[in-house]
Amino acid sequence: MDQNQLKQAVAQAALDYTLAKLDSDSVLGIGTGSTANCFIDLLANHKHLFLGTVASSEDSATRLRDHGISVFELNAVSEVTIYVDGADEANAHLELIKGGGAALTREKIVTAVANEFICIADESKWVSHLGKFPLPVEVIPMARSYVARELVKLGGDPVWRENVITDNGNLILDVHHLYPIASACALEEKINQITGVVTNGLFALKPADVLFLATQDGIVKHLAGSSN
């Protein structure tokens, strides 16, 4: 299978898992990116089975609405049953790097609210150590240069993702040369403590609960706390 077929397969596996847990009052969190888009397209045929969604980006919200799926503001809902999203990297601890699509802050917020976080990815995203994919950091615009200097002190090589403005009106610094990240939790905390940082793309303090990984041999389901 090519990469697109792998994304379709893993989106279907996540859909089957998710639908078994939803009811008519459920609100489903939806992530951002090409694999999440596959999930959205498949979800459209089942929109009558749940109340609606919250989206981690304006792009995803638009795609959901185009399918006739209700999209709520997160502040208007008290609970998100399941959040489904992709990743740029994932390891055996289900720690992730996310933010290639510049939606990391909203993704992290929805993750914090959701009862369960389901990550969907193809086998190219599976790594032994995080950090080969440049780590996205969302930054308040006036703090860009200061934050970049502080990231250099942590051993990174930050590059401003020019011509990209997040849905929150902020900038993205992509931090290269962090591989291998020895402690994703510690680095996530250190970067978030830099004044001017909104958040960074490490999802380690709150990793995925379940990871569906599409491989040439089929879908592999990884659970938090287990390598199986």
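Residues numbered from 1 in each chain as written. Predicted model: local features only at pLDDT ≥ 70, side-chain atom pairs only at ≥ 80, totals over all residues. Heavy atoms only, no water.

The next thing to look at is the pairing of strand 3 (residues 82-85). Burial along strand 3 is two-sided: Ile82 and Val84 facing one way and Tyr83 and Asp85 facing the other are all buried. Note that strand 1 (residues 27-30) and strand 3 share three bridges and pair parallel. Residue pairing for strand 3: Gly29 is matched across the bridge by Tyr83. As defined by bridge partners, strand 3 adjoins strand 6 (residues 117-122) across three bridges and the pair is classed as parallel. By the bridge assignment, Tyr83 is partnered in strand 6 with Phe117. (Buried < 20%, exposed > 50% of the residue type's maximum accessible area, 1.4 Å probe, protein only. Helix = DSSP H or I, 4+ residues; strand = E, 2+ residues; numbered from the N terminus. Pairing = 2+ DSSP bridges.)

Looking along a regular strand, one sees the side chains alternate between the two faces of the sheet. Counting buried positions over the five residues of strand 7 (residues 135-139) gives five, a clear majority of the element. In strand 7, alternate side chains face the same way, and those of Leu135, Val137 and Val139 on one face and Pro136 and Glu138 on the other are all buried. Where strand 7 lies against strand 9 (residues 171-176), five bridges are found, and the strand directions are antiparallel. Considered in strand 9, the bridge of Pro136 is made with Asp174. For strand 7 and strand 10 (residues 197-200), the ladder comprises three bridges, and the chain directions are antiparallel. By the bridge assignment for strand 10, Val137 is matched with Asn200.

Glancing now at the environment of Leu96. Along the chain, the position of Leu96 falls in strand 5 (residues 96-97). Given a relative accessible area of 1%, Leu96 falls into the buried group. C-alpha separation for the pair Leu96 and Leu51, spaced 45 residues apart in sequence, amounts to 29 Å. Residues within four places of Leu96 in sequence aside, it is in contact with Ala87, Glu89, Ala90, Phe117, Cys119, Leu130, Gly201, Leu202, Phe203 and Ala208. (Contact = heavy atoms within 4.5 Å.)

Everything listed here is a matter of coordinates, which is why it stays silent on function.
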